[in-house]
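# Geometric and topological summary
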Amino acid sequence: MEEQFLLPDVEDPDSAPFWQAAAQGQLVVQTCVDCGQRRFPPRPMCYRCRSLRHRWQPLSGRGTIWSYVIAHPPLLPAYEAVAPYNVVVVATAEDPTIRFVGNLVESPEEPFHRTKLDRLQIGAPVRVVFQRVDDVYLPRWMLETSGR
Amino acid sequence: MEIKDRTAIVGIGQTAFGKGLPDTELSLACQAIAAALDDAGIAPREVDGLVMFSMENGREVEVARNLGLGPITYFGEVGYGGGAGCATVGHAAMAVATGQCRVAVGWRARKRAAKASRPWANVAARVSGSVQWTRPFGLLRPVDEIAMLTRRYMYEYGATRDHLANVALACRKHANRNPFATFFDRPLTREQYMASRWISEPLCLYDNCLETDGALAVVVTSAERARDGKQPPVYIHSFAQSIPPQCQPMTNYFCEDPLRGPAWECAQLLWAKSDFKAADVRVAQIYDAFTPLILLSLEGYGFCARGEAGPFTEAGALEWPDGRLPINTSGGGLSEAYVHGFNLILEGVRQMRGTSTCQVPGAPCCLVTSGEGVPTSALLLRRA
Ligand SMILES: [Zn+2]
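Since this is a predicted model, take the numbers as computed values, not measurements.

Conventions we followed
Residues numbered from 1 in each chain as written. Chains lettered and ligands numbered in written order. Predicted model: local features only at pLDDT ≥ 70, side-chain atom pairs only at ≥ 80, totals over all residues. Heavy atoms only, no water. Helix = DSSP H or I, 4+ residues; strand = E, 2+ residues; numbered from the N terminus. Rg over C-alpha atoms; globule rule 2.2 N^0.38 Å. Buried < 20%, exposed > 50% of the residue type's maximum accessible area, 1.4 Å probe, protein only. Contact = heavy atoms within 4.5 Å. Areas by Shrake-Rupley, 256 points an atom, 1.4 Å probe, with all protein chains shown as cover. Lys, Arg positive; Asp, Glu negative; His and termini not counted. Charge placed at Lys NZ, Arg CZ, Asp CG, Glu CD. Pairing = 2+ DSSP bridges. Axes fitted to C-alpha atoms, helices over the stretch in contact; angles between N-to-C directions. Core = buried A, V, L, I, M, F, W, Y, C linked by side-chain atoms within 4.5 Å. Domains from an automatic or database assignment. Buried area = accessible area lost by both parts, 1.4 Å probe. Salt bridge = Lys/Arg side-chain N within 4 Å of Asp/Glu carboxyl O. Nonpolar A, V, L, I, M, F, W, Y, C, P; charged D, E, K, R; others polar. Donors = N, O, S within 2.8 Å, 3.2 Å for Na, K, Ca; no water. Tetrahedral: all angles 85-135°; square planar, octahedral: opposite > 155°, others 65-115°.

## Considerations on the overall build of chain A
- Across its full length, chain A holds two helices and nine strands.
- The N-to-C order of helical and strand elements in chain A reads β-α-β-β-β-β-α-β-β-β-β.
- The globule rule puts the C-alpha radius of gyration for 148 residues at 15 Å, and the 16 Å found for chain A is close to it.
- Classification of the 148 residues of chain A by burial places 52% in the buried group.
- Across chain A, every contact between residues at least 6 apart in sequence was considered, and the portion connecting residues at least 24 apart equals 52%.
- Per element, the accessible surface of chain A, about 6700 Å² overall, is 48% carbon and sulfur.
- If you average the places of the 16 positive and of the 17 negative side-chain charges in chain A, the two averages end up 10 Å apart.

## Remarks on the sheet that holds strand 11 (residues 365–369) of chain B
Residue and element names in this part refer to chain B.
- Taken together, nine strands build an open sheet; the order of strands is 3-2-4-8-1-9-12-11-10 and the sheet is mixed. Two strands in the sheet have a free side with no partner beyond their single neighbour: strand 3 (74–78) and strand 10 (284–285).
- Two elements, strand 2 (residues 49–53) and strand 3, share five bridges in a ladder whose sense is parallel. Considered in strand 3, the bridge of Gly-49 is made with Tyr-74.
- Sheet strands in contact with helix 1 (residues 25–40) are strand 1 (7–14), strand 4 (103–111) and strand 8 (213–222), and its direction is about 125 degrees off that of strand 1.
- Here helix 8 (residues 262–272) sits on the sheet in contact with strand 9 (234–242), strand 11 and strand 12 (376–382), set at roughly 135 degrees to strand 9.

## A short note on the nonpolar core
- Counting 152 residues, the largest nonpolar core has Tyr-79 of chain A together with Ile-9 and Leu-298 of chain B as its most contacted members.
- For this core, the leading source of residues is helix 3 (residues 85–97) of chain B, giving eight residues.
- Viewed by domain, this core spans two of them, domain 1 (12–58) and domain 2 (60–148) of chain A, each represented by three or more residues.
- Not counting residues up to four positions away in its chain, the partners in contact with Leu-298 of chain B are Ile-286, Phe-303, Cys-304, Ala-309, Phe-312, Thr-313, Leu-318 and Leu-325 of chain B.
- Leu-28, Val-47, Met-52 and Val-103 of chain B belong to the second largest nonpolar core, which has 29 residues in total.

## Things to note about the interface of chain A and chain B
- Taken together, the contact between chain A and chain B spans 43 residues of the former and 38 residues of the latter.
- Its largest share of buried area at the contact with chain B, chain A owes to Leu-6, Trp-66 and Val-101 of chain A, together 18% of the area lost on that side.
- Inspection of the region where chain A meets chain B yields two salt bridges.
- Salt-bridge contacts for Asp-135 of chain A lead to Arg-126 of chain B; the nearest nitrogen and oxygen are separated by 2.6 Å.
- Of all elements in the fold, only strand 1 (7–8), helix 1 (16–23), strand 5 (62–71), strand 6 (85–92), strand 7 (99–102) and strand 9 (136–143) of chain A reach the threshold of two or more residues within the side of chain A that touches chain B.
- Within the side of chain A that touches chain B, the residues separate by chemical class into 30 nonpolar, six polar and seven charged.
- Here strand 5 of chain A pairs with strand 6 (residues 198–201) of chain B via two bridges, running antiparallel. Among the inter-strand pairings, Ile-70 of chain A is bridged to a residue of strand 6 of chain B, identified as Glu-201 of chain B.

## Observations concerning the domain arrangement of chain A
Residue and element names in this part refer to chain A.
- By domain assignment, chain A separates into domain 1 (12–58) and domain 2 (60–148).
- For domain 1 and domain 2, the distance between their C-alpha centres works out to 22 Å.
- For the pairing of domain 1 and domain 2, the buried interface totals around 1000 Å² over both sides, and the portion due to carbon and sulfur atoms is 79%.
- When the area that domain 1 buries against domain 2 is broken down by residue, the three leading residues are Leu-27, Arg-38 and Phe-40, summing to 52%.
- Linking domain 1 with domain 2 are one salt bridge, by the criterion used here.
- For Arg-38, the salt bridge goes to Asp-95, with nearest N and O atoms at 4.0 Å.

## Section: the coordination of the zinc ion
Residue and element names in this part refer to chain A.
- The coordination sphere of the zinc ion contains the protein donors Cys-32 (SG), Cys-35 (SG), Cys-46 (SG) and Cys-49 (SG), at a distance range of 2.3 Å.
- One can describe the donor arrangement at the zinc ion as tetrahedral, given that its four donor atoms subtend angles of 102 to 116 degrees at the metal.
- Spacing between the donor residues of the zinc ion along their common chain follows C-x2-C-x10-C-x2-C. Highlighted residues: Cys-35 in the loop between strand 2 (28–32) and strand 3 (38–39) and Cys-46 in the loop between strand 3 and strand 4 (54–58), separated in sequence by 11 residues.
- Owing to a relative accessible area of 0%, Cys-46 belongs among the buried residues under this scheme.

## Describing the pattern of salt bridges
- This structure, assessed with the given rule, holds 26 salt bridges over all chains.
- Here Asp-5 of chain B and Arg-382 of chain B are joined by a salt bridge, their closest N and O atoms 3.1 Å apart. Separated by 377 residues along the polypeptide, Asp-5 of chain B in the segment before strand 1 and Arg-382 of chain B in strand 12 bring together distant segments of the chain.
- Judged by its relative accessible area of 18%, Asp-5 of chain B falls in the buried class.
- Taken together, the shared-partner salt bridges connect Asp-134 and Asp-135 of chain A together with Arg-126 of chain B into one network.

The following block contains the structure:
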């Protein structure tokens, strides 16, 4: 069933480095070499200084849940089969306006649709984990355990 | 050069609304345009301007060849789906006002009820571009994308499901007076709303618009010609569009302030070009693919302060006849028909002609908006 989920085209020239880093377990964000502006989603030009030079800067992989939904049918068949499931937007710790869409998971191995839905809460601290689906490593998020 | 009041909508036309209509989208488009030209009393050969959605399936040349239009001297297309409706009329007005054409038609034809025609249901297993950041995680449908903003909005401002229900119930009440509305004979209660199934929490079934087959069209010409027309002219008083900085359509989560959508910038130009201000508006047709878009738009267009749209909807404020601001007086996308918001434009025209089934007496102008959350557009129509 996993292969029926939608996956990113990891050959997309603007975003391929993001997916390559994800395969190495790193969450990276495009950063302007000339003015330091971070930008996401990836694009060729820095909107602040028009530079075409960028590097991929690692983030800590920590953030907070900015919002979330619980999706119910009707959905594409692979998703409908596992609904209801959560989708989150996470604001990164380094820059709360750099946000990622993902899912809250219980552990690095547990599928996203098994997450107990009462765990979802706006503002909850989370950290990134990468889950392999086919040849892609998708960034998903676990709640930060207390006492960390 | 200003376009204020220099052009008018002089004809409106629509097909029946339904599910699984046998006609093609091209045929529906031609039927709606023919009806609009009849309404205007203008011959097809006089039409020399065409403005359509870039998502339209029928092409300008086919429309012109079927209806016997032209010669066409101005044609253009507007992108971004639900954001385009008011802009097709606005571009028509600009083209007429600048002399690039004399009679322009804008329209939308859509067969949406067929599941296979829904854009989100037709995706390859590998996705690229902006959706690669959202769809693999199961954020698949427009409702999921807007539900994400809605949850955040509710969290920040304390808006409730009752506020969303206020929107759905107002639209349904208005549809219940419009014999052409899909839900003409289907009342909706708050209890039904609260008991309905989830689609994408926090949004339930009744927060979602209809899926409709149908087409609608409007005819725009100069104010001078409109004064001698078959119908009372409805002046295009003000028009605006906007793509705000760092806008990403629908999944606008990647900018500084995702809850400040395209409506805000659109409103600035709309009011700057207008003799009216938001406080003068007594009836509005606000794009309603989803109920929360009404809350965001009420704030964006200045009917209340930011975060106050929930309470604004209370005490029947959005309902005809006694509400402070009756909205979507034909039922809107939620309860009349969802044809990418084009039916809102025709209802705006009916309000200014005095022929709505929820007529607001004496309203000097009517605001019509297109999709919030995408590059958008808006019109302020003025009564003759
Ligand atoms: Zn830069």
